[in-house]
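Analysis of the macromolecular model
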Amino acid sequence: MTSTQVTLIQIDNYGPWTVTPEPRREVDLQTLQSRLYADLSQLFGNREGYVFFTRFDNMIAVTNGLDRDAHALIQESVRNRYPVTISLGVAVDERPAAALGRASTLLQDAGSAQDETRQEILQGDPLPEAERGPEDVQIAHFDVNDATGKYTDQLNAFDTFIHIEQGYAELMRYMRNAHDSLSFFVGGDNVIAVCPDLAEEEYRDAVDHVRDMVGVELKVGVGRARTAQDAGMQAKHALEVCREHRTDVELDWRLEEAGAGDSF
Ligand SMILES: Nc1nc2c(ncn2[C@@H]2O[C@H](COP(=O)(O)OP(=O)(O)OP(=O)(O)O)[C@@H](O)[C@H]2O)c(=O)[nH]1
């Protein structure tokens, strides 16, 4: 059974800051947001976590292995580097969407995202070390089949982008509604989904659903481990097996059982 630890990252009072004393230049906001994401990716990543940029003013991280002190240190690091601060809500659940729901409520209960007195909230209970297990995090790495041949080398870059985004939109909704999973576009033609303990059939149904609804063909590699990064790396290995065997779905732990994942 999974125990996904999710951290909601919210920039404090960012809306008002973007227009005080008057609207700030958009290029400067874009630079700040992308640099903050890069720093958070490294700060959480150095501790085996994954961060997804989502809306940039709100980001979502999978943080199994990070305790309260590690979260506080990241807040301090941001405060020392940026003109803004961040609040963090942390929750754990077998179902990632439920964990994010509770992490969100923790911040909402502490005050509005646009309340200047709500600063650097750190709420919630990380998973105690003694309760951590080897299969706490399940990560699925989805990839569009032959995106280069079908889209990138054929269409203009914007129409390619529309196809990829349509596949992503259908997949993220399906995984959220059917499986309480959180799916994130991570660049190129790639989507990473944080999932509860799902079976091969359920991944196959997701791939079929997206193909039937919007005509985008996906493959998916799935990994499970103690931390987001290990599960994510296993998922990438399983995806390589999909490429090699021309299959749609591969679960890394099945490959290990069968002794087939060793070459990656
Ligand atoms: N974030 C991320 N992006 C990737 C990864 N692998 C590939 N990409 C991106 O996806 C684009 C397409 O690469 P591929 O998915 O390997 O190529 P493809 O044409 O779809 O071919 P197949 O996936 O083998 O069917 C690349 O240009 C990268 O931008 C990955 O592991 N993570």
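Going by an unreviewed UniProt entry, the protein carries the name GTP cyclohydrolase III and comes from Halomarina halobia. Per UniProt, the protein has the following entry under Function (unreviewed entry): "Catalyzes the formation of 2-amino-5-formylamino-6-ribofuranosylamino-4(3H)-pyrimidinone ribonucleotide monophosphate and inorganic phosphate from GTP. Also has an independent pyrophosphate phosphohydrolase activity." What the UniProt record of the protein gives under Sequence similarities (unreviewed entry) is the line "Belongs to the archaeal-type GTP cyclohydrolase family."

Here we take up the packing of aromatic side chains. The full count for this structure, using the stated rule, is eight aromatic pairs. Ring centres 6.4 Å apart and planes at 90° place the aromatic pair Tyr37 and Phe56 in the edge-to-face group. Of this pair, Tyr37 sits in helix α2 (residues 26-45) while Phe56 sits in the loop between β2 (50-52) and β3 (58-62); the two residues are 19 residues apart in sequence, bridging distant segments of the chain. A centroid spacing of 5.8 Å and a plane angle of 65° characterise the contact between Phe158 and Phe161, whose relative ring orientation is edge-to-face.

The next point concerns the domain arrangement of the protein. Each assigned domain of the protein is listed here: domain 1 (4-131) and domain 2 (137-258). Of note, the centres of domain 1 and domain 2, computed from C-alpha atoms alone, are 25 Å apart. Facing 17 residues of domain 1, the contacting portion of domain 2 comprises 20 residues. When domain 1 packs against domain 2, the two sides together hide about 1600 Å² of surface, and 68% of this comes from carbon and sulfur. On the domain 1 side of the interface with domain 2, the three residues burying the most area are Glu48, Tyr50 and Phe52, jointly 35% of the side's total. At the boundary of domain 1 and domain 2, one finds two salt bridges. Summed over the shared surface of domain 1 and domain 2, the number is six residue pairs in polar contact (both at pLDDT 80 or more). For the side of domain 1 that touches domain 2, the elements supplying multiple residues, two or more each, are β2, β3 and α4 (96-110). Broken down by element, the side of domain 1 that touches domain 2 gets its largest block of residues, three residues, from α4. Classifying every residue of the side of domain 1 that touches domain 2 by side-chain character gives eight nonpolar, five polar and four charged.

About the cut-offs
Residues numbered from 1 in each chain as written. Predicted model: local features only at pLDDT ≥ 70, side-chain atom pairs only at ≥ 80, totals over all residues. Heavy atoms only, no water. UniProt positions renumbered as here; feature names shortened; annotations may be inferred. Phe/Tyr/Trp six-rings, centres within 6.5 Å; stacked < 30°, edge-to-face > 60°. Helix = DSSP H or I, 4+ residues; strand = E, 2+ residues; numbered from the N terminus. Domains from an automatic or database assignment. Contact = heavy atoms within 4.5 Å. Buried area = accessible area lost by both parts, 1.4 Å probe. Salt bridge = Lys/Arg side-chain N within 4 Å of Asp/Glu carboxyl O. Polar contact = N/O pair within 3.5 Å; in protein donor to acceptor, adjacent residues only side chain to side chain. Nonpolar A, V, L, I, M, F, W, Y, C, P; charged D, E, K, R; others polar.

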